[in-house]
Amino acid sequence: MVTQVRTSVEDRIGTVLLDGPDRMNAISVETTDQLLLALEELGNSPDVGVIVITGSGRAFSAGGDVKVMHDMTSMTYENYLHIMQPTQRLPGLIRSLPRVVIAQLNGVAAGAGLAIAAACDMRIAGASARFTTAFGKVGFSGDCGISWTLTRLVGTAKAREMMLLGEMLGAEEALKLGLINKLVADDALEADTRAIAARIANGPVVAYQYMKANLLAAETEPLQAVVNLEAMHQTRAFMTDDHREAIAAFAEKRAPCFAGR
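About the criteria used
- Residues numbered from 1 in each chain as written.
- Predicted model: local features only at pLDDT ≥ 70, side-chain atom pairs only at ≥ 80, totals over all residues.
- Heavy atoms only, no water.
- Helix = DSSP H or I, 4+ residues; strand = E, 2+ residues; numbered from the N terminus.
- Expected span 1.5 Å × (residues − 1).
- Buried < 20%, exposed > 50% of the residue type's maximum accessible area, 1.4 Å probe, protein only.
- Arc of directions from axis to C-beta.
- Contact = heavy atoms within 4.5 Å.
- Pairing = 2+ DSSP bridges.
- Axes fitted to C-alpha atoms, helices over the stretch in contact; angles between N-to-C directions.
- Parallel < 35°, antiparallel > 145°, perpendicular 65-115°, else oblique.
- Left-handed = near helix turned anticlockwise from the far one by under 90°.
- Nonpolar A, V, L, I, M, F, W, Y, C, P; charged D, E, K, R; others polar.
- Salt bridge = Lys/Arg side-chain N within 4 Å of Asp/Glu carboxyl O.
- Core = buried A, V, L, I, M, F, W, Y, C linked by side-chain atoms within 4.5 Å.
- Polar contact = N/O pair within 3.5 Å; in protein donor to acceptor, adjacent residues only side chain to side chain.

(A) Inspection of helix H9 (residues 189-201) at higher detail. For H9, with 13 residues, the first-to-last C-alpha span of 18 Å sits near the 18 Å given by 1.5 Å per residue. Within the sequence span of H9, burial applies to Leu 189, Thr 193, Ile 196, Ala 197, Ile 200 and Ala 201. All buried residues of H9 project into a common sector of 140° when viewed along the axis, lining one side. Counted as exposed and oriented over 90 degrees from the buried face of H9: Ala 191 and Arg 199. Contacts made by the buried residues of H9 are with strand E2 (13-19), strand E3 (50-55), strand E5 (100-105), strand E7 (122-126), strand E10 (182-184) and helix H10 (205-218).

(B) A look at the sheet that holds E10. One open sheet holds the 6 strands; their spatial order is E1-E2-E3-E5-E7-E10, and the pairing between them is mixed. The open sheet has two edge strands, strand E1 (4-10) and E10, and neither has a second partner. Shown here is a sheet whose adjacent strand axes are inclined to one another by a mean of 20°, direction ignored. Examined bridge by bridge, E3 and E5 share 5 bridges and lie parallel to one another. Its bridge partner lying in E5, Val 50 is registered against Val 100.

(C) Geometry of the packing of helix H6 (residues 146-154) against helix H7 (residues 156-165). Remark: H6 packs on H7, axes separated minimally by 7 Å, with the N-to-C direction vectors making an angle of 130°. Of the possible angle classes, the one that applies to H6 and H7 is oblique. Taken as a pair, H6 and H7 cross one another with a handedness that is right-handed. Mapping the contact onto sequence places Ile 146, Leu 150, Thr 151 and Val 154 in H6 and Thr 156, Lys 158, Ala 159, Met 162 and Met 163 in H7. For the contact of H6 with H7, the residue count by class is 6 nonpolar, 2 polar and 1 charged.

(D) How the structure looks around the pattern of salt bridges. By the definition in use, this model includes 10 salt bridges. In this structure, the salt-bridge partner of Asp 19 is Arg 6, at a minimum N-O distance of 2.5 Å. Here the residue Asp 19 occupies a position in strand E2, and Arg 6 occupies one in strand E1, the gap between them amounting to 13 residues. Judged by relative accessible area, which is 22%, Asp 19 ranks as partly exposed. Looking at Arg 6, the relative accessible area reads 44%, which means it is partly exposed. Of the charged contacts in the structure, one is a salt bridge between Asp 121 and Lys 212, with a shortest N-O distance of 2.8 Å. In this pair, Asp 121 is assigned in the loop between helix H5 (112-119) and E7 and Lys 212 in helix H10, connecting sequence segments 91 residues apart.

(E) Region of the structure containing unusual backbone geometry. Within the chain, Arg 12 stands out as a residue other than glycine whose phi angle is a positive 70°. For Arg 12, the location among the structural elements is in the loop between E1 and E2. The class of Arg 12 is partly exposed, set by a relative accessible area of 25%. Not every positive phi belongs to a glycine, and Ala 134 is a case in point at roughly 70°. Tracing the backbone through its elements, the reader meets Ala 134 in the loop between strand E8 (130-132) and H6. On the basis of relative accessible area, Ala 134 is assigned to the buried category, the value being 19%.

(F) Inspection of the nonpolar core at higher detail. Ranked by size, the top nonpolar core spans 43 residues in total, and within it Val 16, Leu 39, Ile 51, Ile 53, Leu 105, Ile 116 and Phe 131 carry the most contacts. Where this core is concerned, the elements lending two or more residues are E2, helix H1 (29-43), E3, helix H4 (85-96), E5, H5, H6 and H7. Among all residues touching Ile 116, those that are not within four sequence positions of it are Ile 27, Leu 35, Ile 53, Phe 60, Leu 90, Ile 94 and Cys 144. In this structure, Ile 102, Leu 189, Ala 197 and Ala 201 belong to the second largest nonpolar core, which totals 12 residues.

(G) Up close: H7. Among the residues of H7, those classed as buried are Lys 158, Ala 159, Met 162 and Met 163. One side of H7 holds all its buried residues, which, seen down the axis, span an arc of 130°. Among the exposed residues of H7, those oriented more than 90 degrees off its buried face are Ala 157, Arg 160, Leu 164 and Leu 165. One or two steps after H7, the chain reaches Gly 166, where phi turns positive at roughly 65°.

(H) Representation of the side chain of Ser 28 in the model. Mapping Ser 28 onto the fold places it in the loop between E2 and H1. Ser 28 sits in the buried class, given a relative accessible area of 7%. A polar side-chain atom of Ser 28 sits 3.2 Å from a polar atom in the side chain of Glu 30. Within polar-contact distance, the side chain of Ser 28 engages the side chain of Thr 31 at 3.0 Å.

Quick look at the structure:
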């Protein structure tokens, strides 16, 4: 069965649910296509201020569907490269969406599942979450941007170790490495994630959009290019209703009420 991707919106929080618990939310080509469509729809919706990606059951995602891989072993180089195109798009889309994307890690995140989590802006994990690259175990070298994102999260030495050995990491070690941002009890994971998501969704989302773009550029662009981009985005943020509301709220000694424009 192909993992289904389900979406919902509540209180300006858009949720993307990987819903194939019987296969630990394994990811197929079809699942990737569904995920791309879901993220594009939510990321560009005026009713969504933040996006949360999570999995159903006991896993975030166990990665690529090995049973499907078995049926693809006779494919040519050209055909396989062609079906990789959605996977090639996914990490860049997550990172460039105008909305903050949070991974709510409810269980194991392996292979492409770990890559998806690593591409998100924040990662919040339950105590039972576990992490592994897993690619070497199926004779793969890694995809979905994991070589790039993992290196920037944990450093080049640890990324090499994780990729080459494929060992399973617990949530505590993942937190120490900087692979996740926050570790909470399993039974508090959804509530704590939604509390953080609500804080972002009800904040100055236009300014957050520009922050995200600045930080993305900072990973690849020279200082002056980022400074120039910051100046442009700061000026655009200066023109927003949210900025004017924040200044008024400060003067009136009250909490601001942001409208996202």
